[in-house]
Amino acid sequence: MALMDNFTIMGSAMRAQTIRMNTTASNLANVDSYGASEQTTYRARQPVFAALLDSAFSENPGVGVTVSKIVEKPGDLEKKHEPGHPLADAQGYVFVPNVNIIEEMTNMISASRSYQTDVEVLNSTKQMISALLRLGE
Amino acid sequence: MRFSLDNALGIHQQALIVRAQRAQVLANNLANADTPGYQARDLDFKAMLAGAKSATETLSMRTTRPGHVTGDASDFMENALYRIPLQSSIDGNTVDAQTEKAEFLQNAMSFQASFAFLNGKIRSLMTAIKGE
């Protein structure tokens, strides 16, 4: 039944948005996690969403969304002069994570709005189904 | 006089099915509001309803393999069209959350209307059966 699938679809969407919120939280928490080298320093993470496919025979997306991978933000890291820092190199520099607080806050608001929409759709679907259960009463 | 339950209930049962299917398509659009490259889809309610009506009057096809098409209304996504975006986004996503939300709510209200009509039909049938 089409209406029952809505629970799976919106469930997957809420899960995906939660993962997005979690990566945002992780990015914000690590905004000051300085590192000793370009490789070991924390980089901002971002989930990539992909539409779930109905089945192998159909090219129609219709069963929700999934997180296909989590990517790290590329690019050179900023260096900061902190001679007193335990991870500082010989010249006294540490690497700063490439987390942009404004980007993360915008992302967080976007994710929580999407989550709200998902909850509203779930509620409407629940009302539709409970109406159907009372058919003929 | 020949009596058909399908005729007595009218178009509302098919309308209810199509409304439920459309709710799924719109919910899927909203679920993929942040998916790169996802293209929003919708059902042509009028065409779907006509299809659902004729499907009940004709015989359905026999399927012997999982890949076979059934020809009935369960393959409704084959009739889904792509929405023309008002504003295109950089990542190729064509879901406009406002439009989808409004359509979903409107669809939910129409579902309730169809439900109320169907319920009324059943009530009047019950009255006729009981003869009260």
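Higher on the page you've got the structure.
Each chain carries its own residue numbering, running from 1 in the direction its sequence is written. Note on labels: chains are lettered from A, ligands numbered from 1, in written order. Predicted model: local features are reported for residues with pLDDT of at least 70 only, side-chain atom pairs are reported and counted for 80 or more only, and whole-chain, interface and lining totals are derived from all residues. Excluding hydrogens and water, the side-chain figures rest on all heavy atoms present in the structure.

Enquirer: Can you tell me about the side chain of B:Asn29, naming the residues and giving the values?
Expert: Labels follow the DSSP assignment, with helices taken as runs of H or I lasting at least four residues and strands as runs of E lasting at least two, numbered in each case from the N terminus. With respect to the element layout, B:Asn29 can be found in helix H2 (residues 12-31). Buried, partly exposed and exposed residues are distinguished by accessible area as a fraction of the type maximum, computed with a 1.4 Å probe on protein chains only: under 20%, between the cut-offs, and over 50%, respectively. According to the relative accessible area criterion, B:Asn29 is buried, its value standing at 0%.

Enquirer: Lay out a nonpolar patch on the surface in plain terms, naming residues and giving numbers.
Expert: All names here are of chain A. Residues qualify for a patch when their relative accessible area is over 30% and they have no salt bridge, like charges being joined within 9 Å and the nonpolar side chains of Val, Leu, Ile, Met, Phe, Trp and Tyr within 5 Å. Working definition of accessibility: Shrake-Rupley area with a 1.4 Å probe, residue cover restricted to the visible protein chains. A side-chain nitrogen of Lys or Arg and a carboxyl oxygen of Asp or Glu constitute a salt bridge if their distance falls within 4 Å. A surface patch of nonpolar side chains, about 400 Å² in accessible area, is lined by Met-21, Ile-101, Met-105, Met-108 and Ile-109. Ranked by residue count, the leading element in the nonpolar patch is helix H2 (residues 101-133), at 4 residues. One can find Ile-109 in helix H2.

Enquirer: Let's hear about the nonpolar core: which residues, and what values?
Expert: Most often, soluble globular proteins have nonpolar side chains that are buried together. Membership of the largest hydrophobic core comes to 29 residues, with the highest contact counts inside it found for A:Leu3 and A:Met10. For this core, the secondary-structure elements that each account for two or more residues are helix H1 (2-29), strand E2 (58-72) and H2 of chain A together with H2 and helix H4 (97-130) of chain B. With residues up to four places along the chain from it excluded, the contact list for A:Met10 reads A:Asp118, A:Val121, A:Leu122, B:Ala27, B:Leu30 and B:Ala31. Working definition of a nonpolar core: buried Ala, Val, Leu, Ile, Met, Phe, Trp, Tyr and Cys residues. They are joined through side-chain atoms within 4.5 Å. Counting residues in each nonpolar core, the second largest holds 8 residues, with B:Ala15, B:Val18, B:Val25 and B:Ala52 among its members. Whether two residues touch is decided by their heavy atoms; if any such pair falls within 4.5 Å, the residues are in contact.

Enquirer: Describe the interface of chain A and chain B, and please don't skip the residues or the numbers.
Expert: Counting residues at the interface gives 35 residues for chain A, matched by 30 residues for chain B. Summed over both partners, buried area is the accessible surface (1.4 Å probe) that two parts give up on being assembled. Of the roughly 2600 Å² buried between chain A and chain B on both sides combined, carbon and sulfur atoms contribute 65%. Where chain A packs against chain B, one counts 1 salt bridge. B:Asp34 is the partner of A:Arg20 in a salt bridge, and the nearest nitrogen-oxygen pair spans 3.0 Å. Here a polar contact is taken to be a pair of N or O atoms separated by no more than 3.5 Å, where protein atoms must pair a possible hydrogen donor with a possible acceptor and residues adjacent in sequence count only if both atoms sit in side chains. Put simply, chain A and chain B have 6 residue pairs in polar contact (both at pLDDT 80 or more) between them.

Enquirer: With reference to specific residues and values, describe the packing of aromatic side chains.
Expert: For any pair of aromatic rings, the description rests on two quantities: the centre-to-centre distance and the angle between the ring planes. Aromatic pairing here means that ring centres of Phe, Tyr or Trp (its six-membered ring) are within 6.5 Å. Orientation follows from the plane angle: under 30 degrees is stacked, over 60 is edge-to-face, and everything else is tilted. Taken as a whole and assessed by the stated rule, the structure comprises 0 aromatic pairs over all chains. Charge-over-ring placement is defined geometrically: NZ (Lys) or CZ (Arg) within 6 Å of the ring centre, and within 35 degrees of the ring normal. Seen from the ring of B:Phe45, B:Arg19 lies directly overhead, with NZ or CZ sitting 3.7 Å from the centre.

Enquirer: Go over the packing of H2(B) against H4(B), please, and point to the residues and values.
Expert: Residues and elements named next belong to chain B. Where H2 meets H4, the axes come as close as 9 Å, and the angle between the chain directions of the two elements is 160°. The pairing of H2 with H4 is recorded here as roughly antiparallel in orientation. Remark: the crossing between H2 and H4 carries left-handed chirality. We call Asp, Glu, Lys and Arg charged. Ala, Val, Leu, Ile, Met, Phe, Trp, Tyr, Cys and Pro are nonpolar, and the rest, Gly among them, are polar. Classifying every residue of the contact of H2 with H4 by side-chain character gives 13 nonpolar, 6 polar and 6 charged. The convention used is that axes are lines fitted to C-alpha atoms, helices contributing only their stretch in contact, and that angles between N-to-C directions extend from 0 to 180 degrees. Each angle is binned into one of four classes, with values under 35 degrees roughly parallel, values over 145 roughly antiparallel, values of 65 to 115 roughly perpendicular, and all other values oblique. Crossing handedness follows the turn of the near helix against the far one: under a right angle anticlockwise gives a left-handed crossing, and clockwise gives a right-handed one.

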